[in-house]
Amino acid sequence: MGLEAQIMTDIKAAMKAKDKAALRGLRAIKQAFLLAKTDGSGNELSEADEIKMLQKLVKQRNESIKIFTEQSRTDLAAAEQEEVDVIMNYLPKQMSEDELRTFVQAKIEALGASSMKDMGKVMGASSKELAGKADGAVLSKIVKELLS
């Protein structure tokens, strides 16, 4: 079953269970998929596109949580966090920083990278393999740290 079909099934289940938080998160995913499918390109969404879209939704909500927290709107921040929790269920398991550090160290050795000049090469190779499994900002931080 594809991710889109899974989302539709889960929306029905959330409606029956009257789970408003899950329903908000699932409807946000469904909306993003519909917008992508009707963008005029006529292309179907690949699994990689779906993962990128889910990561974008999580990133947007995390930014909103930060803003709401700064403005002492904990009620809105809590609603956004509930949606993040729902969306994260559909993303691949994220790697820990230790796992990521080990992976990047091995990638640096495999590519023979030795200075900051090689950061683009390491980031490019790592990003392809870790699509959906690691946050780009954390990956970048670790690559900089290990190449310095």
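## Focus on the environment of Arg-61
Within the fold, Arg-61 resides in helix α3 (residues 47-70). The spacing of Arg-61 and Arg-73 is twelve residues in sequence and 14 Å in space, taken between C-alpha atoms. In contact with Arg-61, other than residues within four places in its own chain, are Ala-28, Glu-80, Glu-83, Val-84 and Ile-87.

## What about helix α1 (residues 3-17)?
Here α1 spans 21 Å end to end across 15 residues, near enough to the 21 Å set by a 1.5 Å rise per residue. When α1 is considered as a whole, its buried residues turn out to be Leu-3, Ile-7, Asp-10, Ile-11 and Ala-14. Around the axis of α1, the buried residues are gathered within 110° of arc, so they sit on the same side. Turned more than 90 degrees away from the buried face of α1 sit Lys-12 and Lys-16, all of them exposed. Of the surrounding elements, those touching the buried residues of α1 are α2 (20-37) and α3.

## So, the pattern of salt bridges
Taken as a whole and judged by the stated rule, the model has eight salt bridges. One salt-bridge network, in which partners are shared between bridges, spans Arg-24, Arg-61, Glu-82 and Glu-83.

Rules used throughout
Residues numbered from 1 in each chain as written. Predicted model: local features only at pLDDT ≥ 70, side-chain atom pairs only at ≥ 80, totals over all residues. Heavy atoms only, no water. Helix = DSSP H or I, 4+ residues; strand = E, 2+ residues; numbered from the N terminus. Contact = heavy atoms within 4.5 Å. Expected span 1.5 Å × (residues − 1). Buried < 20%, exposed > 50% of the residue type's maximum accessible area, 1.4 Å probe, protein only. Arc of directions from axis to C-beta. Salt bridge = Lys/Arg side-chain N within 4 Å of Asp/Glu carboxyl O.

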